[in-house]
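# Chain and residue survey
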Amino acid sequence: MEGGTPTMRVLVVGAGLMGGLHAKAVKHSDTATLCGVVDLDIARVGVVAADLGAPGFTDLSRALAELKPDVAIIATPDSAHRVPASMAIEAGISVLVEKPLATTVDDAMSMVELAERRRVGLMTAHLTRFYPRYLAVADAVESGDLGAPVMLTTSTWGPRGLGERVSATTNPLWHLAIHDIDTIQWLTGGVIAEVDGAQLIESASGAAAFAATGVLSTGAGFHLAAGWTLPEGAAPRWDLKVHGESGVAQAAWSSDGVAVYTPGRVDNPDCLAWPEARGSIQGALRAELDHFINSTVNDRPYAITTDEAVDAVRSAALLEKCSSIRRVS
Ligand SMILES: NC(=O)c1ccc[n+]([C@@H]2O[C@H](COP(=O)([O-])OP(=O)(O)OC[C@H]3O[C@@H](n4cnc5c(N)ncnc54)[C@H](O)[C@@H]3O)[C@@H](O)[C@H]2O)c1
């Protein structure tokens, strides 16, 4: 503790897009210190470590033994969370694991059981829980003014370049629709109970999408759609609507109201998820990090429980099982 502010030594595992952002958020945080970065790819870890002035490792066991971090952030690909997360948990430290917790229920349960056995914290980074716009919708639902949710519609869209980077290890269901799944389950307190239709569409153009419709255990209907379809440079787009018995709450991300015009191009920078202001990461990613660190230090419950994270994995696995897969040439 320094001046009443807890500071924890954080090890970031996975130095790709998200690990790089987490490492940067930690680097500029008041509550955490970046003690090291790990990636199997020596070139990648070298770049992030050099940029942020922290030691880089390709061997996680060595990093855990030498650095003795207080907590770890696991930002490896969707299906590669269990091994590094379990190694960190076995070392006796709490972990923040990127979403989805895992891409199989067995992997998810094994991490949860291990964390319980070793008595350390395990939080899944469902970042949308820290979007003020989603929280405003959650507050409207919880107030009761909308009545019970009857139908939820959500969508999450990213650029095609995202698919180029991650499609070897994941698809739009596990990578993007997992946000929508967690959101509708969080907002209703239910889980996906019935699937009326689900489809995974892949196109030779590189665009890919997932869509599903069905019913939650509360009786509310849902329709969700997600994918990487936007042209490069376009800002992410999402949309959330909760139709209740007596009202509707909605939030959208079509632009954050900031536009930068340069010859031949208009940029709409992110001011919500992980905006960088004056060299420091702000927004939901910063709020998520502060929440994880403060809750771990003070032994307080995390905003996303392990049951909720496992339920998201279970529902995604159900949707995957019910999906028809189509390829568009
Ligand atoms: N919350 C969000 O909005 C959000 C956004 C993007 C990504 N993510 C999540 O973050 C995670 C990482 O995604 P990304 O886009 O950064 O992927 P990425 O492919 O850019 O990076 C993954 C990195 O992990 C490394 N890696 C793989 N296996 C490893 C291992 N066992 N040990 C150490 N390093 C290993 C790879 O070499 C790569 O550098 C995914 O789970 C993804 O769903 C979340």
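So, how was this worked out
- Residues numbered from 1 in each chain as written.
- Predicted model: local features only at pLDDT ≥ 70, side-chain atom pairs only at ≥ 80, totals over all residues.
- Heavy atoms only, no water.
- Near = heavy atom within 4 Å.
- Polar contact = N/O pair within 3.5 Å; in protein donor to acceptor, adjacent residues only side chain to side chain.
- Areas by Shrake-Rupley, 256 points an atom, 1.4 Å probe, with all protein chains shown as cover.
- Helix = DSSP H or I, 4+ residues; strand = E, 2+ residues; numbered from the N terminus.
- Nonpolar A, V, L, I, M, F, W, Y, C, P; charged D, E, K, R; others polar.
- Domains from an automatic or database assignment.
- Contact = heavy atoms within 4.5 Å.
- Buried area = accessible area lost by both parts, 1.4 Å probe.
- Salt bridge = Lys/Arg side-chain N within 4 Å of Asp/Glu carboxyl O.
- Pairing = 2+ DSSP bridges.
- Axes fitted to C-alpha atoms, helices over the stretch in contact; angles between N-to-C directions.
- Buried < 20%, exposed > 50% of the residue type's maximum accessible area, 1.4 Å probe, protein only.
- Parallel < 35°, antiparallel > 145°, perpendicular 65-115°, else oblique.
- Left-handed = near helix turned anticlockwise from the far one by under 90°.

### What to know about the site of the ligand
- Around the ligand sit 21 residues, and of these M18, D39, R44, D78 and R165 come closest.
- A distance of 3.3 Å is found between an oxygen atom of the ligand and a backbone nitrogen or oxygen belonging to T76.
- Within the side chain of R165, one N or O atom sits 2.6 Å away from an oxygen atom of the ligand.
- Taken by itself the ligand offers 860 Å² of open surface, and the protein chains cover 88% of this.
- Mapped onto the shell around the ligand, the elements with two or more residues apiece are helix 1 (17-27) and helix 8 (172-188).
- Residues of the shell around the ligand, tallied by class, amount to eight nonpolar, six polar and seven charged.

### Some points on the domain arrangement of the chain
- Considered domain by domain, the chain is made up of domain 1 (8-125) and domain 2 (129-279 + 312-328).
- Each of domain 1 and domain 2 was reduced to a C-alpha centroid, and the two centroids are 25 Å apart.
- Listed per partner, the contact involves 18 residues of domain 1 and 14 residues of domain 2.
- Between domain 1 and domain 2, roughly 1300 Å² of surface is buried when both sides are summed, and carbon and sulfur atoms account for 66% of that area.
- Considering only the surface of domain 1 that becomes buried against domain 2, D78, K99 and V105 emerge as the three largest contributors, covering 33% of it.
- Taken together, domain 1 and domain 2 are joined by one salt bridge.
- Put simply, K24 and E276 hold a salt bridge, and the shortest N to O gap is 3.0 Å.
- Joining domain 1 to domain 2, the criterion identifies five residue pairs in polar contact (both at pLDDT 80 or more).
- Counting residues per element, the ones that place at least two in the side of domain 1 that touches domain 2 are helix 1 and helix 5 (105-118).

### Points about the environment of W274
- Among the secondary structure elements, W274 is positioned in the loop between strand 14 (265-267) and strand 15 (276-277).
- C-alpha of W274 to C-alpha of T213: the two residues are 61 residues apart in sequence and 30 Å apart in space.
- For W274, the residues in contact, after removing those within four places along its chain, are M18, L21, L127, I281, Q282 and L285.

### Some words on the sheet that holds strand 2 (residues 32-38)
- Spatially, 3-2-1-4-5-6 is the arrangement adopted by the six strands of the open sheet, whose pairing is parallel. The open sheet is flanked by strand 3 (56-57) and strand 6 (122-125), the only strands paired with a single partner.
- Relative to strand 6, strand 5 (residues 94-98) runs parallel, the two sharing four bridges. Bridging from a neighbouring strand, V95 pairs with L122 of strand 6.
- Its contacts with the sheet put helix 3 (residues 60-67) on strand 1 (8-13), strand 2 and strand 3, and the angle it makes with strand 1 is roughly 170°.

### Side note on the pattern of salt bridges
- Here the structure, examined in full by the defined rule, presents 11 salt bridges.
- Among the ionic pairs, R82 bridges to D107, the shortest N-O distance being 2.9 Å. Separated by 25 residues along the polypeptide, R82 in helix 4 (residues 82-90) and D107 in helix 5 bring together distant segments of the chain.
- For R82, a relative accessible area of 34% puts it in the partly exposed group.
- Across the pair R265 and D267 runs a salt bridge whose closest N-O atoms are separated by 2.7 Å.
- According to the relative accessible area criterion, D267 is partly exposed, its value standing at 25%.
- In this structure, a network of salt bridges that share partners links the residues R129, D182 and E308.

### Considering the packing of helix 3 against helix 4
- Remark: helix 3 packs on helix 4, axes separated minimally by 10 Å, with the N-to-C direction vectors making an angle of 25°. Viewed along their axes, helix 3 and helix 4 adopt a mutual orientation that is roughly parallel. Judged by the twist between their axes, the crossing of helix 3 over helix 4 is right-handed. From helix 3, L60, S61 and L64 reach across to helix 4, where they touch P84, M87 and A88.

### Observations regarding the side chain of S295
- Relative to the assigned elements, S295 resides in helix 9 (residues 283-297).
- Overall, the relative accessible area of 4% leaves S295 in the buried class.
- Side-chain polar atoms of S295 contact the backbone oxygen of H291, separated by 2.7 Å.
- Beyond its immediate chain neighbours, meaning those up to four positions away, S295 contacts R300, P301 and Y302.

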